[in-house]
Amino acid sequence: MEDDKPWALVSGAVKHGLYEDLTPIIKQHFQILFYKDFLQNPQLHGPKIQAVLVWDNIPSTDPSTLRSLPSLKVVANGGVGIDHLDVPYINSLGVKVTNTPGVVSDATADMAMGLLLASARKIVQGHQISVDPNTTNHKPQSLMGVEVTGSTMGIIGMGHIGCRIAQRGKGFDMKILYHNRTRRSVEEEQAVGATYCEKMDDLLKESDFVVLAVNLSPETTGLISTRELNLMKPTATLVNISRGRVVDQDALVKALQSETILAAALDVTYPEPLPRDHPLLGLPNVLITPHVGTDTLSTIRKIVQRMVENAVAVLKGQSIPNEVKPK
């Protein structure tokens, strides 16, 4: 019966537009309370909530919210990145944390390759020229691009997503270098034709395209700054589909302005969105998209399904598919 189902606190995103057809996935197992309704009376609604399904950092998991949820058992995050969640604190309350690795890998890798190609071949600029009613020269020299086939791609972060990016690069006959905390197996390297760089500096020096696919952590915050950008080729492009804070944006602006590197293609920034007067927005050699790496209907559906599976497993005391534990 509907009344027997546990209550889940969810973002209002699943209530509108493209996400509207996803609510039945949640309702198979939960009664739903939308976050905006919860905020009207936390004292009334809080005690019945057993699961929080976090989408784009909503609902909030700040201490005051969590303290109003005495029956909470699980915070199920949609997506891989959990830098917005204080996992040790949440765990200290006896609450499990889960995420959705794997299901986002292909869509995010597609986005990385799309950004790389669009930047290298100046696709956005070409479109703008083609549709501009004032255009007289439809093929200006400024649209001369960079050859992708046969070039060298360096991937920093060779997890699920990094491996998928390497697969796509192999399809373009690219030389694949990678740097990771731990080296992948020989079989995994051979499957995508990747060569391990123990030192990130070596990858930066050799790559035509540097793709960032790391999780955000204290170790990766500011991973790419002035020193690292100076190691890159002046003809190289930086592609970031990880998190904005992985890159020192002030250093990136200077590197692009001084032509220390050729270009940058970013699906993530810090903050998101950038202030409208941020210097990155005015540079001609930058391509920015609004953190849409996972935004395909198929992937969104898989994410929601995995969030629900994780939450249900916690509440039923079953093996949890994707539990996040403090490192």
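Residues numbered from 1 in each chain as written. Predicted model: local features only at pLDDT ≥ 70, side-chain atom pairs only at ≥ 80, totals over all residues. Heavy atoms only, no water.

Undergrad: When you look at the overall build of the protein chain in this model, what are you seeing that I'm missing?
TA: For the protein chain, the helix and strand inventory stands at 13 helices and 13 strands. For the protein chain, whose C-alpha radius of gyration is 22 Å, the value lies close to the compact-globule estimate of 20 Å for 327 residues. In terms of overall dimensions, the protein chain has C-alpha extents of about 65 × 55 × 30 Å along its principal axes. Buried residues in the protein chain amount to 46% of all 327 residues. Residue pairs in contact within the protein chain that sit at least 24 positions apart in sequence constitute 62% of those at least 6 positions apart. A distance of 3 Å separates the average location of the 32 positive side-chain charges in the protein chain from that of its 34 negative side-chain charges. (Helix = DSSP H or I, 4+ residues; strand = E, 2+ residues; numbered from the N terminus. Rg over C-alpha atoms; globule rule 2.2 N^0.38 Å. Buried < 20%, exposed > 50% of the residue type's maximum accessible area, 1.4 Å probe, protein only. Contact = heavy atoms within 4.5 Å. Lys, Arg positive; Asp, Glu negative; His and termini not counted. Charge placed at Lys NZ, Arg CZ, Asp CG, Glu CD.)

Undergrad: What's the story with the packing of helix α6 (residues 105-120) against helix α8 (residues 160-171) in this structure? I'm lost.
TA: When two helices pack together, their arrangement is given by the angle between the helix axes and by the axis-to-axis distance. Their axes nearest at 8 Å, the elements α6 and α8 cross at an angle of 50°. Between α6 and α8, the angle falls in the class oblique. Along this stretch, α6 crosses α8, giving a crossing that reads as right-handed. In this structure, α6 uses S105, D106, T108, A109, D110, A112 and M113 to contact α8, whose residues at the interface are H160, I161, R164, I165, R168 and G169. In the contact of α6 with α8, the residues fall into five nonpolar, four polar and four charged. (Axes fitted to C-alpha atoms, helices over the stretch in contact; angles between N-to-C directions. Parallel < 35°, antiparallel > 145°, perpendicular 65-115°, else oblique. Left-handed = near helix turned anticlockwise from the far one by under 90°. Nonpolar A, V, L, I, M, F, W, Y, C, P; charged D, E, K, R; others polar.)

Undergrad: Which parts of the structure should I look at to understand the UniProt feature "domain: D-isomer specific 2-hydroxyacid dehydrogenase NAD-binding" (unreviewed entry) in the protein chain?
TA: Following the UniProt record, one finds the feature "domain: D-isomer specific 2-hydroxyacid dehydrogenase NAD-binding" (unreviewed entry) at residues 113-293. Between the C-alpha atoms that bound residues 113-293 there is a distance of 11 Å. The span itself is 32% helix and 15% strand. (UniProt positions renumbered as here; feature names shortened; annotations may be inferred.)

Undergrad: So what exactly am I meant to see when it comes to the environment of T152 here?
TA: Of note, T152 is situated in strand β6 (residues 152-156). Residue classification places T152 among the buried residues on the basis of a relative accessible area of 10%. Separated by 113 residues in sequence, T152 and L39 place their C-alpha atoms 50 Å apart. Filtering out sequence-adjacent residues up to four positions away, T152 remains in contact with M174, K175, L177, E206, S207, D208 and F209.

Undergrad: I'm lost on unusual backbone geometry in this one. Help?
TA: Glycine aside, a negative phi is what most residues show, and trans is what most peptide bonds show. Cis peptide bonds are those with omega within 30 degrees of zero, and the linkage from I58 to P59 qualifies with 0°. With respect to the element layout, P59 can be found in the loop between β3 (49-54) and α4 (63-67). Cis geometry is adopted by the peptide bond preceding P273, which originates at E272 and carries an omega value of -5°. Examined against the element boundaries, P273 turns out to sit in the loop between β11 (263-266) and β12 (286-288). Of note, E259 is a non-glycine position whose phi angle comes to about 60°, a positive value. One can find E259 in the loop between α12 (249-257) and β11. You can call E259 exposed: its relative accessible area is 60%.

Undergrad: Hey, could you run me through the packing of aromatic side chains in this one?
TA: Two aromatic rings, taken as a pair, are described by how far apart their centres are and by the angle between their planes. Applying the stated criterion across every chain yields a total of two aromatic pairs. Aromatic side chains Y35 and F38 sit 6.2 Å apart centroid to centroid with 15° between the ring planes, which places their arrangement in the stacked category. Taken as a pair, Y35 and F38 lie in helix α2 (residues 35-40) at a separation of three residues, close to a single helical turn. Accessibility assignment for this pair places Y35 and F38 in one class, buried. Pairing Y178 with Y196 gives two aromatic rings, centres 5.2 Å apart and planes at 50°, and the pair type is tilted. Taken together, the residues span a long stretch of sequence, with Y178 in strand β7 (residues 175-179) and Y196 in strand β8 (residues 194-196) at a distance of 18 residues. You can call Y178 buried: its relative accessible area is 0%. (Phe/Tyr/Trp six-rings, centres within 6.5 Å; stacked < 30°, edge-to-face > 60°.)

Undergrad: Sorry, what's going on with the environment of I176 here?
TA: Its place among the elements puts I176 in strand β7. Along the primary structure I176 and A166 are separated by 10 residues, whereas in three dimensions their C-alpha atoms are 6.6 Å apart. With residues up to four places along the chain from it excluded, the contact list for I176 reads M153, I155, A166, G169, K170, V192, G193, A194 and T195.

Undergrad: Would you explain α6 in this entry?
TA: Since one α-helical turn is 3.6 residues long, residues separated by three or four positions face the same way. Between its terminal C-alpha atoms α6 stretches 22 Å, which fits the 22 Å expected from 16 residues at 1.5 Å a residue. Of all 16 residues that make up α6, 12 are buried, and the element is covered over most of its length. Of all the residues in α6, the buried ones are S105, A107, T108, A109, M111, A112, M113, L115, L116, A118, S119 and A120. Just past α6, the residue K122 takes up positive phi, approximately 50°. (Expected span 1.5 Å × (residues − 1).)

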